[in-house]
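Letter by letter, the chains look like this.
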Amino acid sequence: MTTKKNIRLPKSKGIETATVYTPDECLKKIKHIVLQENNQQIVEEFITIQNMKQKFEEAEVSIPNKIVMFGPPGTGKTLTAYYLASRLELPLIVVRLDAIIHSHLGETGSNIRKIFEFAKLAPCVLFLDEFDAIARARDSIDEVKEMARVVNTLLQCLDEFHSNSTFMAATNLEEELDTAVWRRFDTRMTYELPGRAELDVFLTKLLGVSQEKRKLIEQSKELLQGCSFADIEQIILKAKRKMIIEDSEMSYDKIAHGYAAYNPRTLPRDAAPVGAIS
Ligand SMILES: Nc1ncnc2c1ncn2[C@@H]1O[C@H](COP(=O)(O)OP(=O)(O)OP(=O)(O)O)[C@@H](O)[C@H]1O
Ligand SMILES: [Mg+2]
C-alpha cells in the first residue's frame, strides 16, 4: 500500500510497519466516544494550539506534539488517537508492534527510526499503542543492554520529532515506563473507568433519549458501575441482540442478562451479585 503522496510505508519482516487510516475512517470509529471532562479540555487546547501555530512560533513558545495516554483497558485511549486524527483532519498512522519488534533488537531500533522518519514526511498523527512494550524501564528486563539501546533510539526519535505531525502513545502500565521516556511527552492524559456522569452520557448514546430510556439508563447505571466503556458496549450489544431475536423492546432485564452473560471482570462495588440478576 502507498500512502501520503505515494510514499511507501517502511516494511519489516515483509510486512508494513503501520496501518494508515484516513480522517474519514477515523471519524467512523468514534461515533460514541465519551471523554472525561479534563481529557476533553486537554484535547481542545491541543487542537486550538495546532490551529494557531504561527502565534506560538512568533512568541517562541514550543508547540506540543507528543501525547501519552495512560489508564485501564477499555477506557478510550486508542479511541482518542482516532478522535484526534479526525479532529485535526490528518491521517492516523497506527504502528504495528508485531512488525516493529524484531528478535534482533538492533532491527527493532532501526524500525522505530524508520517509522518516525516516515511520520515526519507529511503531517499526520503517529500512534504507538501498548507503548510499554518498547518503552520498558531500562533495568526491568533480561536483555538489559540491548533493550536500553532500543529505548535510547526511542528517546532520540522523540527528541527529534519537532514536525507538523503529532506522536501519541498509550499504555496501561505507567509504572513500567522509563522516567526518561515520560519526560519527553508534553501532554499527558490519564484515563479512568467511567464515573456516573460519563456512564450517563455513554448509555444515552447507546440507548437513546426518550423518557422511557431515561428510566432504563438510571437503573442500568447502578448495575454498570465499575465496568469499562468497552465492557458496557459489549453488554448493551448483547441486550440489543436479544431485543432483535425476541422482536421486543429494550429492557432492564435484557441489560442484566447481557451483564451476566458477559460477566465483566471488574465487578461493580455496590451491585447485586450476578446470580441474583438472571
Ligand atoms: N471513552 C470511551 N467512549 C466511548 N467508547 C469507548 C470509550 N472507551 C472505550 N470505548 C469502547 O471500547 C472499545 C475499546 O476502547 P479502546 O480501544 O479505546 O480502549 P483502550 O483504553 O485503548 O484499551 P486498552 O488499554 O485495552 O488498549 C472502543 O472501540 C469503544 O467501542
Ligand atoms: Mg488501546
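Scope of this entry: the structure provided in the associated data block. (Residues numbered from 1 in each chain as written. Chains lettered and ligands numbered in written order. Predicted model: local features only at pLDDT ≥ 70, side-chain atom pairs only at ≥ 80, totals over all residues. Heavy atoms only, no water.)

With that settled, consider the overall build of the chain. When you go through the chain residue by residue, the secondary structure sums to 13 helices and ten strands. Carbon and sulfur atoms provide 50% of the accessible area of the chain, an area that totals close to 14,600 Å². (Helix = DSSP H or I, 4+ residues; strand = E, 2+ residues; numbered from the N terminus. Areas by Shrake-Rupley, 256 points an atom, 1.4 Å probe, with all protein chains shown as cover.)

Let us now look at unusual backbone geometry. What you tend to see is this: most non-glycine residues have negative phi, and most peptide bonds are trans. The phi dihedral of Lys 13 falls on the positive side, at around 50°, and the residue is not glycine. Considering the arrangement of structural elements, one finds Lys 13 in the loop between strand E3 (11–12) and strand E4 (15–16). Residue classification places Lys 13 among the partly exposed residues on the basis of a relative accessible area of 48%. A positive phi angle, near 50°, is found at Asp 247, a position not held by glycine. Structurally, Asp 247 is set in the loop between helix H12 (229–246) and helix H13 (252–262). (Buried < 20%, exposed > 50% of the residue type's maximum accessible area, 1.4 Å probe, protein only.)

The subject of this paragraph is the side chain of Gln 50. Take Gln 50: it is sitting in helix H2 (residues 37–50). Given the relative accessible area of 12%, Gln 50 is considered buried.

This next bit is on helix H4 (residues 77–88). Compared with the 16 Å implied by 1.5 Å per residue over twelve residues, the 17 Å span of H4 between its first and last C-alpha is a close match. Burial analysis of H4 places nine of its twelve residues in the buried class, which makes it a mostly covered element. Every buried residue of H4 is accounted for by Lys 77, Thr 80, Ala 81, Tyr 82, Tyr 83, Leu 84, Ala 85, Ser 86 and Leu 88. (Expected span 1.5 Å × (residues − 1).)

What follows covers the nonpolar core. Counting residues in hydrophobic clusters, the biggest one holds 35 residues, and the most contacted among them are Ile 115, Phe 116, Phe 131 and Phe 167. Ranked by the residues each element gives to this core, the list is headed by helix H8 (residues 144–159), at seven residues. Leave out the neighbours within four places in its chain, and Phe 167 touches Asn 65, Lys 66, Ile 67, Phe 116, Leu 126, Leu 128, Phe 131, Leu 158, Phe 161 and Phe 185. If you look at the next biggest cluster of nonpolar residues, it comprises 24 residues, including Leu 35, Phe 127, Met 168 and Ala 170. (Core = buried A, V, L, I, M, F, W, Y, C linked by side-chain atoms within 4.5 Å. Contact = heavy atoms within 4.5 Å.)

This part covers H12. Over its 18 residues, H12 runs 26 Å from end to end, which matches the ideal 26 Å to within 8%, given 1.5 Å per residue. For H12, the complete set of buried residues consists of Phe 229, Asp 231, Ile 232, Ile 235, Ile 236 and Ala 239. Buried residues in H12, looked at end-on, bunch into an arc of 160°, giving them a common side. For H12, exposure combined with an orientation more than 90 degrees from the buried face picks out Ile 244 and Ile 245. The elements touched by buried residues of H12 are helix H10 (196–207), helix H11 (211–224) and H13. Of the residues trailing H12, Asp 247 is marked for its positive phi of about 50°. (Arc of directions from axis to C-beta.)

What follows is about the packing of H10 against H12. At a closest axis distance of 11 Å, the pairing of H10 and H12 adopts a crossing angle of 35°. In the packing of H10 onto H12, the handedness of the crossing is right-handed. For the pair H10 and H12, the contacting residues are Glu 198, Leu 199, Phe 202, Leu 203, Leu 206 and Leu 207 in the first and Phe 229, Ile 232, Glu 233, Ile 236 and Lys 240 in the second. (Axes fitted to C-alpha atoms, helices over the stretch in contact; angles between N-to-C directions. Left-handed = near helix turned anticlockwise from the far one by under 90°.)

Take empty space enclosed by the protein next. Here the idea is plain: a probe the size of a water molecule rolls over the atoms and shows the empty space left. This model, assessed by the stated rule, comprises one cavity of 30 Å³ or more. One number sums up the size of the largest cavity: a volume of about 40 Å³. Taken together, Val 95, Ile 100, Ile 112, Ile 115, Phe 116, Leu 126, Leu 128, Ile 134 and Phe 167 make up the full set of residues lining the largest cavity. Put simply, the parts of the chain that give the lining of the largest cavity at least two residues each are helix H6 (105–121) and strand E8 (125–128). Grouping the amino acids of the lining of the largest cavity by side-chain chemistry returns nine nonpolar, no polar and no charged. (1 Å grid on protein atoms, 1.4 Å probe; cavity = no way out; pocket = protein on both sides within 12 Å on 5 of 7 lines; lining within 4 Å. Points joined across faces, edges and corners; volume = space filled by probe spheres on them. Nonpolar A, V, L, I, M, F, W, Y, C, P; charged D, E, K, R; others polar.)

Turning our attention to the packing of H2 against H4. It is the contact of H2 with H4, at a shortest axis distance of 11 Å, that shows an interaxial angle of 35°. For the crossing formed where H2 meets H4, the hand is right-handed. Two secondary-structure elements touch here, H2 through Gln 40, Val 43, Glu 44, Phe 46, Ile 47 and Gln 50 and H4 through Thr 80, Tyr 83, Leu 84, Arg 87 and Leu 88. Considered class by class, the residues forming the contact of H2 with H4 number six nonpolar, three polar and two charged.

This next bit is on the sheet that holds strand E6 (residues 66–70). In spatial order, the strands read E5-E7-E8-E9-E6-E10; together these six strands make up an open sheet with mixed pairing. Unpaired on one side and paired on the other, strand E5 (18–21) and strand E10 (187–190) mark the two borders of the sheet. Geometrically, the sheet is characterised by an average inter-axis angle of 20° between neighbouring strands, direction not taken into account. Direction of pairing for E6 relative to strand E9 (residues 166–171): parallel, over a ladder of five bridges. Across the sheet, residue Val 68 finds its bridge partner in E9, namely Ala 169. Against the sheet, H2 contacts E6, E9 and E10, and its axis sits at roughly 155° relative to E10. (Pairing = 2+ DSSP bridges.)

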